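Examination of the molecular architecture
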Amino acid sequence: QVQLVESGGGLVQAGGSLRLSCAASGSIFSINAMGWYRQAPGKQRELVAVSTSGGSTNYADSVKGRFTISRDNAKNTVYLQMNSLKPEDTAVYYCNVNLLRGLRLYDYWGQGTQVTVSS
């Protein structure tokens with residue numbers, strides 16, 4: 001079993017900042033990637049940012065230059081620093097951990113944390 005515990009969401013005014021955290025625990029042997037997704041009402045879940053164990057990062061075009069993903073591998077924790085927030089960033093943010101077990105990859109999801117940006 002793998003557990004993901006998220007924290008850091010909340011209500012912020014446009015232009016403000018928030019930092020999300022996600023700590024993974026349990027049967028973690030090999031993390032392939034850790035990332036953040038979000039889902040706004042009436043929309044599909046979308047990738048926000050991902051950090052691979054190879055050291056690369058990828059961001060959605062809409063957040064480039066404003067959001068930064070980072071990891072503390074010793075703590076199996078991933079962070080998302082969100083600056084210059086916009087009302088369109090309002091969504092439920094989900095942490096994702098992609099684990100390699102044998103020859104297969106498995107996805108695990110956090111419970112989600114609400115981020116609301118007021119105009």
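Going by the structure above, here's the rest.
Residues numbered from 1 in each chain as written. Predicted model: local features only at pLDDT ≥ 70, side-chain atom pairs only at ≥ 80, totals over all residues. Heavy atoms only, no water.

**Regarding the overall build of the protein**
Operational definition: Put simply, DSSP H or I for four residues or longer makes a helix, DSSP E for two residues or longer makes a strand, and each gets a number counted from the N terminus. Only C-alpha atoms enter the radius of gyration, while the globule expectation follows 2.2 Å times N to the 0.38, with N the number of residues.
When its secondary structure is counted, the protein shows zero helices and eleven strands. For the protein, the sequential pattern of α-helices and β-strands runs β-β-β-β-β-β-β-β-β-β-β. Computed over its C-alpha atoms, the radius of gyration of the protein comes to 14 Å, within 12% of the 14 Å expected for a compact globule of 119 residues. Projected onto its principal axes, the C-alpha positions of the protein cover 45 × 25 × 25 Å.

**Thoughts on the packing of aromatic side chains**
Threshold: Two aromatic rings from Phe, Tyr or Trp, using only the six-membered ring of Trp, form a pair when their centres are within 6.5 Å; if the ring planes differ by under 30 degrees the pair is stacked, by over 60 it is edge-to-face, and anything between is tilted. Only protein chains enter the accessibility calculation, which uses a 1.4 Å probe. A residue is then buried if its area is under 20% of the maximum for its type, exposed if over 50%, and partly exposed in between.
Using the criterion set out here, one finds one aromatic pair in the structure. Ring geometry for Tyr 37 versus Trp 109: centroids 5.0 Å apart, planes at 70°, classification edge-to-face. Of this pair, Tyr 37 sits in strand E4 (residues 31-39) while Trp 109 sits in strand E10 (residues 104-109), placing them 72 residues apart in sequence. By relative accessible area, which is 24% here, Tyr 37 ends up partly exposed.

**Observations regarding the side chain of Ser 51**
For the record, the criterion: Whether two residues touch is decided by their heavy atoms; if any such pair falls within 4.5 Å, the residues are in contact.
The residue Ser 51 is located in strand E5 (residues 46-52) in this model. Residue classification places Ser 51 among the buried residues on the basis of a relative accessible area of 9%. Setting aside anything within four residues of it in sequence, one finds Ser 51 in contact with Ala 33, Met 34, Ser 56, Thr 57, Ile 69 and Arg 71.

**What to know about the state of the cysteines**
Here is the rule we go by: When the sulfur atoms of two cysteines come within 2.5 Å, that pair is taken as a disulfide.
According to the stated counting rule, one finds one disulfide in the structure shown. Paired by a disulfide, Cys 22 and Cys 95 hold their sulfur atoms 2.1 Å apart. The S-S bond linking Cys 22 to Cys 95 shows a torsion near -80°; that makes this disulfide left-handed. With Cys 22 in strand E3 (residues 18-26) and Cys 95 in strand E9 (residues 91-101), the pair connects residues that are 73 residues apart, well separated along the chain. The exposure class of Cys 22 is buried, given its relative accessible area of 0%.

**Some words on the nonpolar core**
Stated formally: Throughout this description, the term nonpolar core refers to a set of buried Ala, Val, Leu, Ile, Met, Phe, Trp, Tyr and Cys residues connected via side-chain atoms within 4.5 Å.
One finds Trp 36, Leu 80, Met 82 and Tyr 93 to be the most contacted residues of the largest nonpolar core, which totals 30 residues. Contributing elements (two or more residues each) for this core: strand E1 (2-7), E3, E4, E5, strand E7 (67-72), strand E8 (77-82), E9 and strand E11 (113-118). Setting aside anything within four residues of it in sequence, one finds Tyr 93 in contact with Glu 6, Leu 20, Trp 36, Tyr 37, Arg 38, Val 48, Phe 67, Leu 80, Met 82, Gly 112, Thr 113 and Val 115.

**Details of the pairing of E7**
Put simply, the test is: At least two DSSP bridges between two strands are needed for those strands to be called paired.
Note: E7 against E8, six bridges, orientation antiparallel. Bridging from a neighbouring strand, Arg 71 pairs with Val 78 of E8. The turn joining E7 and E8, which pair antiparallel and follow one another in sequence, is formed by four residues; a positive phi near 50° is taken by Asn 76.

**Quick notes on the environment of Val 12**
Note on placement: Val 12 falls in strand E2 (residues 10-13). By relative accessible area, Val 12 is classed as buried at 13%. Val 12 sits 104 residues away from Thr 116 along the chain, and the two C-alpha atoms are 6.3 Å apart.

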